[in-house]
Each structure stands twice: as C-alpha cells, then as structure tokens.
Protein chains: 2
Amino acid sequence: MSTREQLLDAALRTLNADPTASLADIAEAAGVGRATLHRHVAGRDELVRELGARSLDRWEQTQDASGMADAIADGGAGALTDCLRAMFPRLVVDAEDYGFALTDGFLMCEADLVARSAELEAREVELWRSAQAAGVVRRDLPARWFLHAGYGLLVAARDALRAGDVARRDVADLVLDTLLHGITSTDTTDTTTPKGGAR
Amino acid sequence: MSTREQLLDAALRTLNADPTASLADIAEAAGVGRATLHRHVAGRDELVRELGARSLDRWEQTQDASGMADAIADGGAGALTDCLRAMFPRLVVDAEDYGFALTDGFLMCEADLVARSAELEAREVELWRSAQAAGVVRRDLPARWFLHAGYGLLVAARDALRAGDVARRDVADLVLDTLLHGITSTDTTDTTTPKGGAR
DNA sequence: TCCATATGAGACATCAATGTCTCATATGGA
DNA sequence: TCCATATGAGACATTGATGTCTCATATGGA
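Residues numbered from 1 in each chain as written. Chains lettered and ligands numbered in written order. Predicted model: local features only at pLDDT ≥ 70, side-chain atom pairs only at ≥ 80, totals over all residues. Heavy atoms only, no water.

Residue and element names in this part refer to chain B. Residue position: Ala17 is located in helix H1 (residues 3–17). A relative accessible area of 69% means that Ala17 is categorised as exposed. Residues Ala17 and Gly33, spaced 16 residues apart in sequence, show a C-alpha to C-alpha distance of 20 Å. (Helix = DSSP H or I, 4+ residues; strand = E, 2+ residues; numbered from the N terminus. Buried < 20%, exposed > 50% of the residue type's maximum accessible area, 1.4 Å probe, protein only.)

Dropping the structure here:
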C-alpha cells in the first residue's frame, strides 16, 4: 500500500472519530508531520473528495458483490431476496467504516460525487422496484422510500454500535429484520431465541 | 415573541439549510446586522447550545403530548400503541424543524445537553420496554435498538422530504408503518390504496 | 421637541486552520 | 562512502470566522 493510501486510511479513521478534526490532528494520528501530509494530499478539499470517492467505490463494490445487477436481471423473488440478504451485512460494515461520510454533508458539495451518488442510488431504487414487482416488498409504498429507510437504518446501526447497544455480530440481522418485518410482535407466545440479547 | 427568539428562529432555519453557515450568514438571513446578533447572543457556542436545548425541549414536549408517561403507567397494549401512533407524527415534524440537530454532532459536546438527551432517551427506552412487555413489539430484539431504529427512520423521513421523494402528509405514516410492519409484502393480491403513491 | 434605547455599518483585533516554505536529518540504494 | 529522496520540525503568510468596539442614525415614548 502506498504512503498516500496509508495517510488516507488514517484520515478516515480520524474523521470517523471526530468529523471536525483538523489536518494537524490527522497528521498526528497518522504519525506523520503536517508538511508530509501536505506533500501527499494537496489540501483538505482533496482529502475529503478522495475519501468521499472511496466511500462511493465501496458502495459500488457492495452492490456488485451482492449480485445486484444479476438479481434485477433475474427478477425472481428468490434472487432479489438473496441479493438483499447479501447486501445489508456489507452495507452495515461500509456504514461503520465510512461512518463520517454517512451523515456529514460536505460530500454533497462536490458535483462529481453527487452525480456518482445519484447513480448508485438509482441502481438501488431499481432493485427495490424489481423487489416490488416480484412481490418481495410492499407495492403500496414509494420505492424511493425504501432507499431512505435502508439508509436511515444504517445510521441507526452505526449509532447503536457506537453506543455499544448492540453486538456487532447481530447488527446486520437487526437491520434487515427490522426493515423487512418491522418490530411488531409477530407471535403471542414468544419462545424464540433472542437475537440481540434483549436486555 | 422576543427579538432574541426571533433571531434564534432565523438561526435555526439557516442552520437547517446549511449546518456550516457562519454567524454573518445567520445575521443576514435574520435581516439583522452582525453586531445586533452579537448583542442578543453571546456567540456561536451559546447560539448552538440554545438551539440544542430547544430541540430537547421540543422532544420532551412531544413525549409529554403523546401521553408517554401515562401509557407506560397504564402498561396496556392499547395505550402503548396509541402513544406510539401519537408520538411519531410529532417526531417527524420535530425532525424536520430541528433537522440540523438530528445529525450534527456538536450538540453532544455539551455535557448538560448530553445528560438531558440521555434522560429523554431513557424515557423512550422505558416506553419500548413496556411495549415489549405488553406484547406490542418484539421481545427478541434489544429495546435500545428500537430507539436507534426510530431515530434512523426519522433521519430517513427528513432526507426523503428534503429530496422530495415523499409527500409531507404521508411521511409520518410511512415511518410508523415501516417501523412497525416492515416493508415485506404482506398480501399476495395487493389492491389496497397506495399510501405514498408508488411511482 | 427631547431623550433613551436599539440598530446598522463598519473598523479593528484575535484566533484557529490552512497552505507554503526552508533547512537539518534520516533513510536507502549505487 | 556518497548521493538522491523523503521526512520532521518549525517559521511564515493567508484566510475566514469570530468577538469587540465606535459612531451615526432611527425609533418610540415622555
């Protein structure tokens, strides 16, 4: 891994912990002089743009690795369900790795990032529409709402992990379960094994 | 309404639109000189602390107006369900009014705000626990997850409204419906009237 | 009219973050 | 060893936000 990438990794870690961290903070966290940081990254703008692009790369990889395109092409309920079940665990990891990018609003000031983000969103909306058509998810709600709801639950997952309220190994199931089935009590005599360890 | 409150309102509007707005921006948006803003508010810290306190006031009002305490005391499924159905429409409005406070992380740097927030969170967790005990919501998920999930869906609602993806009149139902029942298709022959106007 | 108060405009100093630069040093290969 | 390159430390200037101050003006009541 190049020095530049190591610096960007350190910057990501630092900004996840404190989105307002200064370049001096980042350089210190990277164990590097401030001048050295500037030698590899032109400035804060470039650094943030780079990390934003990385987060979109990751999102795209997640879509690809989940077989989103194939599932949409297939159109069957099984394929679409499998895609969702493959995608959300990855998205939860992404949301934690790129936590600061999830809620910080400076990414959406860069035109190219906005465009890419819209592109990836459009792909995901396509997935939701296919899932509606296949009868996997409700047709009485707007497909774009699923996008926002999924995103919101990723924020919830990130925050729950940060607060230590849920176990890392449970959180992906928690998100998908909540999104798909909601939190209403399903059975009257609940004897199933707890998922997140009800406390 | 006092001048100070009018200024705080303008600050809230401005910060909702752009969380990085400077005091000069806020003063301009309020139609007031920068000096006048400083005459009423000591500085940015005080302004933000004040708005944070307001958002917590609103949250507390929403809890009270939804009869949360009574519902917990009652403990019945009906009372608890009514409370949830009264609370979320209000929370959605709160999330829109205090949108910047929803995801911006400077509030949680003020010890007193953190304490109050934890207090209100604890109340809401109590509600969720009661709802679990009453069989209203699932017992196989940690109660604190419901807190995060509800919060995440409020973020989703705010973003969906900002993006123009859902109608304002639908969004509260959308949130509660998604949280309680999830997005899985419930019936095979869907002839119900669309809620958000599936597009 | 006269006066007290609030305001707008703007000057001014301060401060933190940023970006650039220099120089001594360290590292690693020829 | 000798040299090229990368680095660390730090000086320096710049910039934007912030906070304070003054003064002329406006407003509204006595």
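Contacts to DNA strand C come from 17 residues, most closely from Leu23, Arg34 and Arg44 of chain A together with Gly33 and Thr36 of chain B. Taking all atoms of DNA strand C within 4 Å of the protein, the share assigned to sugar and phosphate is 43%. In the model, a phosphate oxygen of DNA strand C is placed 2.6 Å from a nitrogen or oxygen of the Thr36 of chain B side chain. Only helix H3 (34–40) of chain A together with helix H3 (34–40) of chain B provide two or more residues apiece to the surface near DNA strand C. Looking at which element gives the most residues to the surface near DNA strand C, the answer is H3 of chain B, with 5 residues. Split into classes, the residues belonging to the surface near DNA strand C amount to 4 nonpolar, 8 polar and 5 charged. (Near = heavy atom within 4 Å. Polar contact = N/O pair within 3.5 Å; in protein donor to acceptor, adjacent residues only side chain to side chain. Nonpolar A, V, L, I, M, F, W, Y, C, P; charged D, E, K, R; others polar.)

What follows deals with the side chain of His148 of chain B. The topology assignment puts His148 of chain B in helix H9 (residues 143–163). His148 of chain B sits in the buried class, given a relative accessible area of 10%. In contact with His148 of chain B, not counting residues within four places along its chain, are Ala156, Asp159, Ala160, Ala163 and Asp165 of chain A. (Contact = heavy atoms within 4.5 Å.)

Residue and element names in this part refer to chain B. When you line up the elements, Ser55 lands in helix H4 (residues 44–65). Residue Ser55 is classed as buried on the basis of its relative accessible area of 14%. When sequence neighbours within four positions are dropped, the list of residues in contact with Ser55 reads Tyr98 and Ala101.

Taken together, the 47 residues of chain B in the interface contact 47 residues of chain A. Summed over both sides, the interface between chain B and chain A buries roughly 4,200 Å², with carbon and sulfur atoms accounting for 58% of that surface. Looking at the side of chain B facing chain A, the largest losses of area belong to Arg138, Trp145 and Ile183 of chain B, adding up to 19% of the total buried there. Connecting chain B to chain A are 4 salt bridges. With a shortest N-O distance of 2.9 Å, Asp165 of chain B and Arg144 of chain A are connected by a salt bridge. Where chain B meets chain A, there are 20 residue pairs in polar contact (both at pLDDT 80 or more). Mapped by element, the contributors of at least two residues to the side of chain B that touches chain A are helix H8 (111–133), H9 and helix H10 (168–181) of chain B. Among the elements that line the side of chain B that touches chain A, the one with the most residues is H9 of chain B, at 14 residues. Considering only residue class, the side of chain B that touches chain A consists of 23 nonpolar, 13 polar and 11 charged. (Buried area = accessible area lost by both parts, 1.4 Å probe. Salt bridge = Lys/Arg side-chain N within 4 Å of Asp/Glu carboxyl O.)

The next subject is the protein's contact with DNA strand D. Of all residues adjacent to DNA strand D, which total 17 residues, the nearest are Gly33 and Thr36 of chain A together with Leu23, Arg34 and Arg44 of chain B. The sugar and phosphate moieties of DNA strand D supply 46% of its atoms located within 4 Å of the protein. Contact distances for DNA strand D include 3.0 Å between a base oxygen and a side-chain N or O atom of Arg39 of chain A. For the surface near DNA strand D, the elements supplying multiple residues, two or more each, are H3 of chain A together with H3 of chain B. Here the surface near DNA strand D takes 5 residues from H3 of chain A, the largest share from any one element.

Least-squares fitting of chain B to chain A yields an RMSD of 0.0 Å, with the transformation described by 0.0 Å of translation along the axis and a rotation of 180°. As the rotation angle and translation indicate, the two copies are arranged about a two-fold axis. Here 100% of the interface residues in chain B have copies in chain A that are interface residues too; the copies meet face to matching face. (Least-squares fit on C-alpha atoms with pLDDT ≥ 70 in both.)

The next thing to look at is helix H9 (residues 143–163) of chain A. All names here are of chain A. Across its 21 residues, H9 extends 31 Å between first and last C-alpha, which sits within 8% of the 30 Å expected from 1.5 Å per residue. With 17 of 21 residues buried, H9 lies mostly within the body of the structure. Once H9 ends, the next one or two residues include Gly164, with phi positive near 75°. (Expected span 1.5 Å × (residues − 1).)

At a minimum axis separation of 5 Å, helix H10 (residues 168–181) of chain A and H10 of chain B run at an interaxial angle of 115°. Between H10 of chain A and H10 of chain B lies a crossing of right-handed hand. Residues Thr178, Leu179, Leu180 and His181 of chain A of H10 of chain A form the contact with H10 of chain B, whose own contacting residues are Thr178, Leu179, Leu180 and His181 of chain B. When the residues that make up the contact of H10 of chain A with H10 of chain B are grouped by side-chain class, the tally is 4 nonpolar, 4 polar and no charged. (Axes fitted to C-alpha atoms, helices over the stretch in contact; angles between N-to-C directions. Left-handed = near helix turned anticlockwise from the far one by under 90°.)

Let us now look at the domain arrangement of chain A. Residues and elements named next belong to chain A. Each domain of chain A was delimited in the assignment, giving domain 1 (1–41) and domain 2 (49–181). Computed over C-alpha atoms, the centres of domain 1 and domain 2 are 28 Å apart. Taken together, the contact pairs 9 residues of domain 1 with 10 residues of domain 2. Interface of domain 1 and domain 2: buried area, both sides summed, is about 790 Å²; carbon and sulfur atoms make up 56% of it. (Domains from an automatic or database assignment.)

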